[in-house]
Amino acid sequence: MNIKYIEQYVRTHCSADDYVCYVTKSDTHETRFAQNGITQHLAGPKMRITLSVAFGTKNGSCSVNLADEANLKLMVKTAEDIARLAPEDPEAMPSPAFTELPKVQNCAEATKALTPLQMVEIVQQSINKARTLDATVSGMCEKHLRSSWMFSKNGFSGSDESSTFGHSMTLKKKEVETKVSYEAKDFAGFNLDRDFDRLAAQAEALKDMHSFDPQKIAVILRPEALEELIWFMTWMMNRRQSDEGLTPFTGKLDSPCFGDKFSLYSTLQKPEMIASPYNGEGLPSKESCWVEHGVLKNMPVNRWWAKQVGCEPMDAFNFYVPGGDTSEAEMMKMVPRGLIINRFWYIRTVDMKAGELTGMTRDGVLYFENGEVKHAVNNLRFNEIPHEMTRRILALGKAALASPYAVLPTLLVDGFNFVDKTSF
Amino acid sequence: MKYLDLAMNAAASLGAEYADIRVQRTTDQVIFLRNLSLKSANTNIIDGYGIRVFKDGAWGFAHNNVFSDEAVLATVQKAYDIAKLSATVNKDKKLRLAPERSYIATYKTPVKIDPFDIPLSQKVELMMEVNRTMLAYEGIRQAVFYLIMHKDEKLFASTLGTRLDITYQFIDPMITATAVADGDSQSRTFDEGGRAVGWEWIESLDLDQIARQTAQEALIKVKADTLGPEERRSLILDPNHLGLTMHESVGHPTELDRVLGWEADYAGISFATPEKLKNYRYGSDIVNFVGDNTLTEGLATLGFDDDGVPGQKWHIIKDGILNEYGSTRDTAMEIGLDYSRGCNRATYYFDQPINRIPNLYLLPGTKPLTPAELIGDTEDGVYIQGRGSFSIDQHRVNFQFGGDFFWEIKNGKLFRPLKKVLYKSCNPEFWNSCDAICDERFWRPFGVVNCGKGQPSQTARMTHGSAPARFRNIRVGGSQ
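Treat the numbers as computed from the prediction; the structure is a model and nothing was measured. (Residues numbered from 1 in each chain as written. Chains lettered and ligands numbered in written order. Predicted model: local features only at pLDDT ≥ 70, side-chain atom pairs only at ≥ 80, totals over all residues.)

Caption draft 1: Highlighting the overall build of chain B. Looking only at helices and strands, chain B features 10 helices and 25 strands. In terms of overall size, chain B behaves like a compact globule, its C-alpha atoms giving a radius of gyration of 24 Å where 480 residues would be expected to give roughly 23 Å. The principal-axis extent of the C-alpha atoms belonging to chain B is close to 70 × 55 × 40 Å. Within chain B, the proportion of its 480 residues that are buried is 59%. For chain B, long-range pairs separated by at least 24 residues make up 76% of all intrachain contacts whose partners lie at least 6 apart in sequence. (Helix = DSSP H or I, 4+ residues; strand = E, 2+ residues; numbered from the N terminus. Rg over C-alpha atoms; globule rule 2.2 N^0.38 Å. Buried ≥ 20, exposed ≤ 12 C-beta atoms within 10 Å, placed from the backbone. Contact = placed C-beta atoms within 7 Å.)

Structure below.
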């Protein structure tokens, strides 16, 4: 695909007053395995070209997935036809102008060089290792290469290239079921032996299962568990939604809505994380503080609402929560008893205005007492308000890569609200 | 289309034991109106083909969007190579495909008025009027009208000799009013789910009345009481609520790929394991669930699935007993079935089809019973309408659901509106607590258009349905 051809075509043939064009291209290879065999295995390229046009304040857009002349012609005509028929948009904004963008490195050579054969070998080795434990393993080995471009009539021009490699493994042996996953932009950081050893250790720790009733109890939240809460919590940290009274953060800017041990940033300074250089509105990514020592400093806000309320538009492009230096072993000694949570599952909003979420634990819950792990317990349901939960942080571990978009610490949190339990 | 034969001949000559090609053009139009601002009026066209090759007990799937002889042949070769690679791992874990015959058929969703033929201005003006009506109510802070129109045009060919020409469409309107008052905000949504019909459905709706009712009920809800501490109570669930409950607690647990552990790493597995077939009491004896990919206006009614297996109707739960699963050609053989129930579906051309929930519904009660009589027969309970928060564990046992609109029932009457109601239950407790279902006059469909599953993630659609039903002794209370 020739991006120059697409740009030239749009600039020559689009007669709208204004336009923005987005092009994304990806090449993926995904090997899915379950119960020690491959069940799905797929590969191929994808592309998406989206043109958003405006006649005055009347907008329309069209997406196609082919870059030949017939499709580009269809895209331009359809977007223009839609815009001509659309009503005036009171919230219309001109397309972004030329902007200096940060230089980022989101693509890793080791990931680019990874072959399908290597990926199948990783799957085969994972299965072989599971068999030595008389267990089954299920998971996904995946490689994604993505390129994106964006240009506007008003002079914005940006591009980005990113890679991700992922390998997840869920081990099942009798009633024990647990998971370890690696997901990062760089395949070079992947170590199957290390990850499988961790998986085997988790499975071993979960062998002795005891029934445990729901209650408020201290928890050690590992980074993968915290990340899932952070995504939902930050979804509610939307400036417009808050200003309109729909979230718990209405009128709370510069207020201590969080615990003072908790800060939250988007950053370009963590090379292990992916940071897109710009967002869909053409806003350049930059160092952004959302929460500083518990005080809500900023919320993501789009260009139109920012103009209405007189603030700077900004967006979250990844999440970094600074950690501390407390180990899990030290955390277990800081409270009389508690649970270690690997991951959460099926989190949903219960009450948007309160910021309350529900969800289940998954992939193993460990009970500790007097500074040491005693046994595993059944999975539990929580109903919890994450921003309130941060007030109960007792200690933080070192921040670590949880996913390509999040560097987070392990947290020790007091009084986590479990409300129900399940049978396994 | 010449590429169908080209691809199948190439796959056969390479030595594929089975292969198919799905040439698919998907057209979506999504109109999103927030207050009076048109946030999206996007037409999205996704065009390409996916080729599956089955070789030595393993699948290979490759996709492309370049239509040329060279590209099609290269894609066949890629799918074949991937299958061979997979087979090196599956040496002692070979998949097998249930037998199937060939079909030459055409299926087209019965649509009277194609939504894509309606001018955008007409659609948007109608939507604007709805939002204007809702925003005219004092206290309504946000009005949202979301309209999805979808069309798949598929040509399918397989090495069995099957040739299918399928045109599938659905439409899904969703209207939400959000009220802000007394430091709280609450939304009320008109949401019947999607239906495989045309614009004639939208024309049949009294949108002015729907807008007024939605806004009025949002205002009632924001000022409503909360229920207080959790207690065991009766629940009466409306079809547009029960649709999601059955989706999560019956639909997903009876997908055979989950039962087999194929979703263990992501979407989860199922408690409803094969040794429970024909003997496990999933529900009370009035609970009958039917899988039905022939259902009129059903979102999973496409004539054939992406294995080339025709739509079927069968009991998944019969008289309360787990009867059968939703299956595909490759999952069926794993439990010794020599037929598939036709549940293999992909979302876009670039997706490898996976085992999905069929149209799945609860049969109505066989004795005459109206919703009014059901409420009148309930001393203390909660009546829930619409979808709310929903969450279930990865074995599909424990769940917690909210709803969209709630009434407390006292002494057989709707006593007061409520908000922030949650109920908690589990399988098999929940469906065994069902003691009354209204009759067929009150059976309503509820379409799900956004069922996420699989790695890579896919979004499937299916229709559920029920008449209002009562569940006894369920833990019901308010949120924090």
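Now, onward.
Caption draft 2: Fine view of the domain arrangement of chain B. All names here are of chain B. Domain annotation for chain B reports domain 1 (2-223) and domain 2 (226-478). Taken over C-alpha atoms, the centre of domain 1 sits 21 Å from the centre of domain 2. If you look at the interface, domain 1 gives 43 residues, while domain 2 gives 39 residues. Contributions of two or more residues to the side of domain 1 that touches domain 2 are made by strand E1 (18-34), strand E2 (37-55), strand E3 (58-64), strand E4 (104-108), strand E5 (140-158), strand E6 (163-181), strand E7 (184-191) and helix H5 (207-222). Looking at the side of domain 1 that touches domain 2, its residues break down into 20 nonpolar, 11 polar and 12 charged. (Domains from an automatic or database assignment. Nonpolar A, V, L, I, M, F, W, Y, C, P; charged D, E, K, R; others polar.)

Caption draft 3: Quick look at the environment of B:His150. By the element assignment, B:His150 lies in strand E5. Excluding residues that lie within four positions of it along the chain, B:His150 makes contacts with B:Asp28, B:Gln169 and B:Phe170.

Caption draft 4: The interface of chain B and chain A, seen in detail. Counting residues at the interface gives 64 residues for chain B and 70 residues for chain A. Examining the composition of the side of chain B that touches chain A, we find that 10 residues originate from one element, E2(B), more than from any other. Classifying every residue of the side of chain B that touches chain A gives 27 nonpolar, 28 polar and 9 charged. One ladder, built from 2 bridges, connects strand E2 (residues 37-55) of chain A with E3(B); its direction is parallel. Paired with A:Leu42 across the bridge in E3(B) is B:Phe61. (Pairing = 2+ DSSP bridges.)

Caption draft 5: Structural context of the environment of B:Ser185. With respect to the helices and strands, B:Ser185 occurs in strand E7. C-alpha of B:Ser185 to C-alpha of B:Gly139: the two residues are 46 residues apart in sequence and 9.7 Å apart in space. In contact with B:Ser185, other than residues within four places in its own chain, are A:Gly245, A:Leu246, A:Met352, A:Lys353, B:Thr178, B:Ala179, B:Val180 and B:Val222.

Caption draft 6: Region of interest: the pairing of strand E3 (residues 58-64) of chain A. Most of E3(A) sits inside the fold, with 7 of its 7 residues counted as buried. Across the two faces of E3(A) the burial is the same, with A:Lys58, A:Gly60, A:Cys62 and A:Val64 and A:Asn59, A:Ser61 and A:Ser63 all buried. Hairpin geometry of E2(A) and E3(A) is characterised by an intervening segment of 2 residues between the two adjacent antiparallel strands and by a positive phi of about 60° at A:Gly56. Sheet analysis places E3(A) next to E2(B), joined by 3 bridges and oriented parallel. For A:Ser63, the partnering residue across the bridge sits in E2(B) and is B:Asn44.

Caption draft 7: Main features of the domain arrangement of chain A. All names here are of chain A. Taken domain by domain, chain A comprises domain 1 (3-189) and domain 2 (208-424). Spacing between the C-alpha centres of domain 1 and domain 2 amounts to 26 Å. Taken residue by residue, the interface counts 24 residues in domain 1 and 24 residues in domain 2. Of all the elements in the fold, those that place two or more residues in the side of domain 1 that touches domain 2 are strand E4 (136-152), strand E5 (157-173) and strand E6 (176-184). It is E6 that contributes the most residues to the side of domain 1 that touches domain 2, 5 residues altogether. Looking at the side of domain 1 that touches domain 2 residue by residue, the classes come out as 8 nonpolar, 8 polar and 8 charged.

Caption draft 8: The arrangement of the packing of helix H1 (residues 2-14) of chain B against helix H2 (residues 69-89) of chain B in detail. Residues and elements named next belong to chain B. Look at H1 against H2: their axes get within 9 Å of each other, and the N-to-C directions meet at 35°. In this structure, H1 meets H2 at a crossing whose hand is right-handed. In this structure, H1 uses Tyr 3, Leu 6, Ala 7, Ala 10, Ala 11 and Leu 14 to contact H2, whose residues at the interface are Asp 69, Val 72, Leu 73, Val 76 and Tyr 80. In terms of residue class, the contact of H1 with H2 is built from 10 nonpolar, no polar and 1 charged. (Axes fitted to C-alpha atoms, helices over the stretch in contact; angles between N-to-C directions. Left-handed = near helix turned anticlockwise from the far one by under 90°.)

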